[in-house]
Every structure is written in C-alpha cells, then in structure tokens.
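Working through the structure, step by step
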Amino acid sequence: MIFNPAEENEYQAVRGLLVHRFEQWARENGIDADPFVVEAALDYRHLGTPDGRLGLWDQPHIEEFLLDWVPRTVTVLPDEEPADAPGTLRCLLRYLDDVHLADPRGASLPEVLEAVDAAAPRYAETMADLSLWGLAKFWITTAAEQGVDVHDEQALQDFVGRAQGGEVPYDPEVLQTIVERHTRSSGPVRSEPQLPGDDVLREQAGRSPVLRQLRELAEWAGRDRRTLTGSGRLRLSDARELVERLNTGDDTDSVRSSADLPRLNLLVEWAKTARLIRVAKGRLYAVAKAEPVLNDPLALWRRAFDAFRELPSPVRRGRGGRYGESVLFVAYDMCDVVLPDVLATLYSLPYPMPWPALRNSVHLAYRSSSPLEGFATDSIGFEQADDDLRTVLGVLEDLGAIECHQGMADPVFADLAMSENDLEEWAGIQTEGDDDLETPSGILPGIPTGLAGLLNDALPDETLSGDALLRDAQLDDEDTQRARRLKSELSSGPVELIRLTDLGTDSVRRRLLAEGRDAPLIGELAQASPAGLLGVLADHYDPESARAELAAWIAVHGDRSAALEQLVHAVRTMPFRTRAEAMLDVLVSSLDDGELLLRSLRSNSWLAPTALSLLARREILTPEDLTEPESLLMVAESLLQLCEATGADGVREVLRQQGREAEEALRAALASGHPDREGLADLQALAERVPRERKAHVGLVQQRGHRENGRRGGRRRR
C-alpha cells in the first residue's frame, strides 16, 4: 500500500477505511486500542518516511514512530492522558498481518512485536521531552497551558496575536531547538533491477582498474612503510614511482611536490577513507585488518564505492588553476548532494541517462538552490562544473560503477525537454503547484489555520524579494531557450548515454535501503506469501518486472497449478475490494494465459464480482454480455469500491446528487448476494442514513426559503 503525495484524497479515504476496519477487528477480538494512534502510524509511514509503504514496518520505523514521530506530532493537552501508542501499534501490526496487508519485505510479526517491546520503555520519557516536539505541538500546548481553548478558532487567533506581539511567555531555547529540527528529507526512488549473484559480481569487481590501483597502493605501503614529508604528503620520488606503477596518468615532469598529482592524491585519500592504509608517526602503513577485504574483490569494491562518497573532494585542481574549484564545490556540494542524486536518478530510470539531460538537471538544481545570483547564469562557472562532474563520472567508470557509450537518447527525454517542471523533478526540485506535496515535520494535518502565521514566524524567512522576482521573470526566456537547445541536442544525433553497471546498481540499492528508501529487487519475493507477493507487485512493479518476479515465485513453489491456486486464494481472502482487484489484475497481466484464468473466475461465487469488474474494465465484457445476477454483482462491486476509494462521505454525496436512481442502485446492491458481507453492512448503514439526511437537507432549504420571503422560521434543522 503506497500513495504518491499528490494522492492525498485517495490516501485519506483508504486511511479512514483501514481505521474503521481496524476498530471492528479490535472489538471482535476484545482489544482496547486508540484509533487516533492508528491514524498517526499510517500518517507517519505515508508522510514521514521516504518510501511511504503503509504495510512495511521494521525496527527503525517502530523506533522512529514511537520515539520521534509521536512525541513530535501528537499533542497531549494538560487535562489529557497520553495514548498508549506502543500498545496500539502492537495491535495495528497484528491487524496488518491478519488481513494480509503486511509487506513481506519488512520484518516478520514476531520481530516487529519484539521491536515495539524494546522501544516501549523509552516512550514516556520521549513524550515528555519538549525538545522533541514539533512547532504546532509546541504552540498548541503553550496555548492550552495558558488557558486558551485550542478548539476555539477565535481564541487561537487572539493567542497568535499576543505571541507575535511578544506577550506570551515561552522557553526560547526550546523553541530554537525545535526550529532547528524542523527539516525532513525525501526523495523518490523506485526501480526493479534484476541482479546476478555475488559470484558474478565478484568476477566483475575483479576487472576494476581502480581496485587494482588501491590494492597495489596498499601493498606498496605495507611492504616498506613509506616515510612521508613533514606536511604529511608522499615524497616526490615515491610519488613518481607510484604514478608509474599505478598508471595514474599524472604528469610528473614539471611538478615540485606530490600535491600537484591529482589522480595519485585521489587514490591515496580514497585508500585512507576505505581504511586500507593509514598514517602513523609520519609513515604510511597498510591496515592489517584490511587484508581479508583486499583478498575479496566484491568486498573491496563495496568498501571502495562507499568510501568514494565520503571523500572530501574527488576533483583536485593544480595550484595554478584559473578558476579554482567549481560551483559544485563552492556552494553545491558534490559528494553530499550531487553525487547521491545522480546515482539515485540513474538507479530509478528504465533507460540510460543522456549526458545532456544529466548536465541540465544538475544546472537546474544548482540554480534553484544557489543564494549567489552571480552564479545563476555564469556560463564559465557551469562549464567548469561540467568538467568536474565529468571527472567524477570518469572515476566511477574506472571503478566499474557506471558505463558510458554513444547512442540515441530514448525519445522520452526529448519529449520532456521542453517541460522545465519535468527537468526539475529529475533534479529533485519541488515545482510550482507542488506546495501540498510535502508536509513539514512538526505540522499536524488539520492544524487550526490561526496558527499558520505563528508557525511561519518561527521558521527562517524564505520570501523572495521584489528584485529576485523580477530576476526570475527575466530568466523565463532563457529557460525556454535552454530547454529548446536541450531538446535539439537530444534528438539530433547520438549522445553519450550513462547507466549503472550491475555492481553500481547493487551498491546504490544497498545505500538506498540503508536510508529507508524503496528499492525493489527482482527475486527478493521468492519466499513471500501469495498475498504479500501480489500486493507488492501491484503497488511497486512495472508490467515487465512483475512478470519476471511472478515467474520466479512460481518456479520456487514447484507445481504451477498449485502455485496459481495459492495466488487465486490470496485474492479471494483479501477483505478490501480495490486491493483484491489490483492483486487479480497484476496476476492475470503477468501470465501468458491470464485472460483465460480471468474468464474462468466468472463462475466463482467468491471471486465473480472482482473478475467481472476486471473483465469489464478491460473491455472483454460489455453490459450486454452480463446476466441479470451478474449485473447486480457489478453494481454492488462498484459501490463497494467507491466506498473504499472515497469513504462514506463520497458515497453519500453521489447518492444525494443522483437521487432516486442511486438509491435504486443501492437497494439492488444490497440484494445482489455479493459475498462481501462486511462491505454490504456498511452500505446498509448508508442506505438507512441517506433518506434521513435528504429529509434534513430539504427541511433546511425550506427554512431558508421562509426567511428569504420575509417570514420568521423556526429553529434550523440539523
């Protein structure tokens, strides 16, 4: 279960349904749980984590939710008792497992319950730590402690006015700490690579020129324990020997110091960062504990890849360089910002990245973030930045993380070239119209609008000046011209294409997983439950990858017919209609004989509604092809899915708008014999409420009409 940030209405409807079904489940099992904590837990996975997977929980998620998200976002007023968040989270995790919504890539149920037990003793302490609160929680609690009715909008407005006027006492140090923590990282990354085993990766790593250089450098240092200069650098004679031995390509003819040999210095710093060599008492040593790593090409490659991102600067210029370091190192850090974004982009794209598109995306990212107006259009600065980026990519190619070749860019890049928003998305820039795509941590959904001004006052001022707005307007034409040049460059002939190798893909994926990102891998679901498999395929996989993953799962489970029976049973037992259809859809789409399977389920008493809905959506069946009982099932299935997608309020609105015709459809659905008894019970409750609501609505209109005619009506009906 996952929703894009723009799908907020859809998320809210599903969240409401999940909480409603959870409450029913808890009552049936005699469990006392707090539905508000369930909402907070779902909001945390949706808004507070990079991947947004509602059904996937691991130990880090549990600790962050209980010890950071709840203390930061859940407000406890002075006269209230804190909710039992650990207890409710235990129940939610059990519920997700019970209804087959738990993501199989997360920890098992016993593991997550153990993680809750481990974090629970620290929960009360963190809830009481004011420095962990969010801005909204801080100000609402401050208002409540000073006697303000926080449920009264006008009272909150008055409090805001007093706070802005300096009339409200509060702890400024605590507020400053909260403001400094008011940041949240994000980044969309999703792909489904299919990687070879470690043996193949190890063989590929053994062919890396950089690994050979690092290994020989460690051997050279370890054999003779080389003496360094007083400033801690290689002696020039040793440096010249290493340049020749390692074949670094540095020019040694006119240099007076090893500091003027950039590629050799890079390798030395790289080996130090990878803990292959070290300096002690003015001498260079090999690290004895690194010997097993040096003897394992794959282990050495992974350590070198991780160390590369930690280097202070992979690009070293001679002291006589005209411009010094480029904008990538002056104000837009290569290793901490550019390189991770570039690698994540290469990972997420289904096509090789054209150099012109990559170059322009980095330019856009820099322009949007640079506080220095002069660099925004400085072509010399960008040319130098391009050179630096090419140097870094060259080192990664020598390492074996990427490969470059000439070819035609995929047409999608030329088609997108004229859309600056699309280019900015490549660069990770929030675009115009996306203001609602990120909820700042510490601001509660549904926060009273009276606090908005106070929250803005607490944050750094990011308002553009009039001069800045004018400058942006003047740059519009330049942006259009750049986009046209990019489109021409991408479509006029072969360009350099860049993609990750298997080694690069493997290591980027490891890094993304460590950061909590979603990074699927074909084959990792081979041991997943049938429901877990189909759920992940429906949520995360493109058709080609889903087909490969399903084939791998069936192969592991032996007999094909028995495997398909398990998968169909998983669809049958899924209690949520829209998810059941998505699971069946991805199943039949990933099978060569999927349509035949789908048609066969038309006569299945439990799966017929889902199969009929899918057959109709695929235009395999028309309304004329349906029998009368099937038509009734289709009506019921449509209303049940509408209820899940929009919530009860959405269905009521449809019923009110369509009047008697919709009520007849509702009655037909209730009489259809649809197998989802729980869903029909919800529809029955709607059927009983809508006539009363319509009557109240008509009465209200009549009362208003009386007043408009100059009459005094009675009390307004509600």
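The structure presented is a predicted model; accordingly, all values stated were derived computationally and were not measured.

A look at the overall build of the protein
- Within the protein, the secondary structure is distributed over 34 helices and six strands.
- The contacts of the protein with a sequence gap of at least 6 include a subset with a gap of at least 24, amounting to 72%.
- In the structure as shown, the protein presents an accessible area of about 35,600 Å², 47% of it carried by carbon and sulfur atoms.

Structural notes on the pattern of salt bridges
- Tallying each qualifying case throughout the model produces 30 salt bridges.
- With a shortest N-O distance of 4.0 Å, Glu 39 and Arg 15 are connected by a salt bridge. Of this pair, Glu 39 sits in helix α2 (residues 35-47) while Arg 15 sits in helix α1 (residues 8-28); the two residues are 24 residues apart in sequence, bridging distant segments of the chain.
- Judged by its relative accessible area of 14%, Arg 15 is buried.
- A salt bridge links Lys 272 to Glu 269; the nearest nitrogen and oxygen atoms lie 3.8 Å apart. With Lys 272 and Glu 269 both in helix α13 (residues 262-273) and three residues apart, the pair spans about one turn of that helix.

A closer look at the pairing of strand β3 (residues 283-286)
- Where strand β1 (residues 226-227) lies against β3, two bridges are found, and the strand directions are antiparallel. For Thr 227, the partnering residue across the bridge sits in β3 and is Arg 283.
- Bridging between strand β2 (residues 277-280) and β3 involves four bridges; their strand directions are antiparallel. Residue pairing across strands places Ile 277 opposite Ala 286, the latter belonging to β3.

Notes on the sheet that holds β1
- Spatially, β1-β3-β2 is the arrangement adopted by the three strands of the open sheet, whose pairing is antiparallel. Whereas interior strands pair on both sides, the edge strands pair on one side only; in this sheet they are β1 and β2.

Comments concerning helix α33 (residues 660-670)
- If you check which residues of α33 are buried, you get Ala 662, Glu 663, Leu 666 and Ala 669. Taken down its axis, α33 places every buried residue within 115 degrees of arc, on the same side. What points out from α33, more than 90 degrees from its buried face, is the exposed set Arg 660, Glu 661 and Arg 667.

Observations concerning the sheet that holds strand β6 (residues 495-500)
- The strand order across the open sheet built from three strands is β4-β6-β5, with neighbouring strands paired in antiparallel fashion. The sheet is open, and its two borders are formed by β4 (353-354) and β5 (402-407), each paired with just one other strand.
- With two bridges joining them, β4 and β6 adopt antiparallel strand pairing. Each residue of the ladder has a partner; that of Pro 354, found in β6, is Leu 497.

Some thoughts on the confidence of the model for the protein
- On average, the protein scores 76 in pLDDT, and the residues at 70 or more come to 76%.
- Low pLDDT, under 50, characterises residues 316-324; the stretch is placed with 10 contacts to residues that sit more than four places away or in other chains.

Things to note about the packing of aromatic side chains
- Counted according to the given criterion, the structure contains nine aromatic pairs.
- Between the aromatic rings of Tyr 44 and Trp 57, the centroid separation amounts to 5.9 Å while the plane-to-plane angle is 40 degrees, which identifies the pairing as tilted. A residue pair is termed long-range when its members are at least 10 positions apart, and Tyr 44 in helix α2 and Trp 57 in the loop between α2 and α3 (59-73) qualify at 13 residues.
- In this structure Tyr 44 comes out as buried when scored by relative accessible area, which is 0%.
- The structure contains a cluster of three or more aromatic residues connected by ring pairs, namely Tyr 44, Trp 57, Phe 65 and Trp 69.
- The ring of Tyr 285 has Arg 278 lying over it, and the distance from NZ or CZ to the ring centre is 5.4 Å.
- Here the guanidinium or amino end of Arg 390 rests over the ring plane of Trp 355, the centre of that ring lying 4.4 Å away.

A closer look at the packing of helix α32 (residues 628-658) against α33
- Following both chains from N to C, one finds α32 and α33 inclined at 135 degrees, their axes separated by 10 Å at the closest point. Classed by the angle they form, the pair α32 and α33 counts as oblique. For the pair α32 and α33, the sense of crossing is left-handed. Note on element contacts: α33 touches α32 through Arg 660, Glu 661, Ala 662, Glu 663, Ala 665, Leu 666, Ala 668 and Ala 669, opposite Leu 632, Val 635, Ala 636, Leu 639, Val 654, Leu 655 and Gln 658.
- A class-by-class count of the residues in the contact of α32 with α33 yields 11 nonpolar, one polar and three charged.

As for helix α4 (residues 85-98)
- Taking 1.5 Å as the rise per residue, α4 with 14 residues should run 20 Å; its terminal C-alpha atoms sit 20 Å apart, in good agreement.
- Counted residue by residue, α4 has 10 buried out of 14 residues, so it is predominantly covered.
- When α4 is considered as a whole, its buried residues turn out to be Ala 85, Pro 86, Gly 87, Thr 88, Leu 89, Cys 91, Leu 92, Leu 93, Tyr 95 and Leu 96.
- Backbone nitrogen of Gly 87 and a side-chain oxygen of the N-cap are separated by 3.1 Å at the start of α4; the cap is Asp 84.
- Positive backbone phi, at 65 degrees, marks His 100, one or two positions downstream of α4.

A closer look at the environment of Val 338
- Summarising the element assignment, Val 338 is placed in helix α17 (residues 334-348).
- With a relative accessible area of 3%, Val 338 lands in the buried category.

A few points about a negative patch on the surface
- Together, Asp 149, Asp 152, Glu 153 and Asp 158 make up a region of like negative charge exposed at the surface.
- In this fold, Asp 158 is placed in helix α8 (residues 153-164).
- Asp 158 gets classed as partly exposed once you look at its relative accessible area, which sits at 39%.

With respect to the nonpolar core
- One finds Trp 57, Ile 62, Phe 65, Leu 66, Leu 89 and Leu 587 to be the most contacted residues of the largest nonpolar core, which totals 83 residues.
- With eight residues, α1 is the single largest residue contributor to this core.
- Setting aside its immediate chain neighbours within four residues, Leu 89 contacts Ala 41, Trp 57, Ile 62, Phe 65, Leu 66 and Val 116.
- Listed in part, the 68 residues of the second largest apolar core include Val 243, Leu 267, Leu 396 and Leu 497.

Let's talk about the pairing of β6
- With five of six residues buried, β6 is to be regarded as a mostly interior element.
- Of the strand pairs in this sheet, β5 and β6 are connected by six bridges, and their pairing is antiparallel. Paired with Glu 403 across the two strands is Arg 499, which belongs to β6.

A closer look at the packing of helix α26 (residues 530-540) against helix α28 (residues 560-572)
- Following both chains from N to C, one finds α26 and α28 inclined at 75 degrees, their axes separated by 8 Å at the closest point. In terms of axis orientation, α26 runs roughly perpendicular to α28. Along the contact surface, α26 presents Pro 530, Ala 531, Leu 533 and Leu 534, while α28 presents Gln 566, Leu 567, Ala 570 and Val 571.
- Counted by class, the contact of α26 with α28 contains seven nonpolar, one polar and no charged residues.

What about the environment of Glu 644?
- Among the structural elements, Glu 644 can be located in helix α32.
- For Glu 644, a relative accessible area of 3% gives the class buried.
- Distance in space between the C-alpha atoms of Glu 644 and Glu 10 is 9.1 Å, their sequence separation being 634 residues.
- Among all residues touching Glu 644, those that are not within four sequence positions of it are Ala 13, Val 14, Leu 17, Arg 21, Pro 575, Phe 576, Arg 577 and Thr 578.

Quick look at the side chain of Ser 613
- With respect to the secondary-structure elements, Ser 613 resides in helix α31 (residues 608-617).
- For Ser 613, the residues in contact, after removing those within four places along its chain, are Glu 581, Met 634, Glu 637 and Gln 641.

Cut-offs used in this document
Residues numbered from 1 in each chain as written. Predicted model: local features only at pLDDT ≥ 70, side-chain atom pairs only at ≥ 80, totals over all residues. Heavy atoms only, no water. Helix = DSSP H or I, 4+ residues; strand = E, 2+ residues; numbered from the N terminus. Contact = heavy atoms within 4.5 Å. Areas by Shrake-Rupley, 256 points an atom, 1.4 Å probe, with all protein chains shown as cover. Salt bridge = Lys/Arg side-chain N within 4 Å of Asp/Glu carboxyl O. Buried < 20%, exposed > 50% of the residue type's maximum accessible area, 1.4 Å probe, protein only. Pairing = 2+ DSSP bridges. Arc of directions from axis to C-beta. pLDDT = per-residue confidence, 0-100. Phe/Tyr/Trp six-rings, centres within 6.5 Å; stacked < 30°, edge-to-face > 60°. Lys NZ or Arg CZ within 6 Å of the ring centre and 35° of its normal. Axes fitted to C-alpha atoms, helices over the stretch in contact; angles between N-to-C directions. Parallel < 35°, antiparallel > 145°, perpendicular 65-115°, else oblique. Left-handed = near helix turned anticlockwise from the far one by under 90°. Nonpolar A, V, L, I, M, F, W, Y, C, P; charged D, E, K, R; others polar. Expected span 1.5 Å × (residues − 1). Polar contact = N/O pair within 3.5 Å; in protein donor to acceptor, adjacent residues only side chain to side chain. Patch = residues over 30% accessible without salt bridge, like charges linked within 9 Å, V, L, I, M, F, W, Y side chains within 5 Å. Lys, Arg positive; Asp, Glu negative; His and termini not counted. Charge placed at Lys NZ, Arg CZ, Asp CG, Glu CD. Core = buried A, V, L, I, M, F, W, Y, C linked by side-chain atoms within 4.5 Å.

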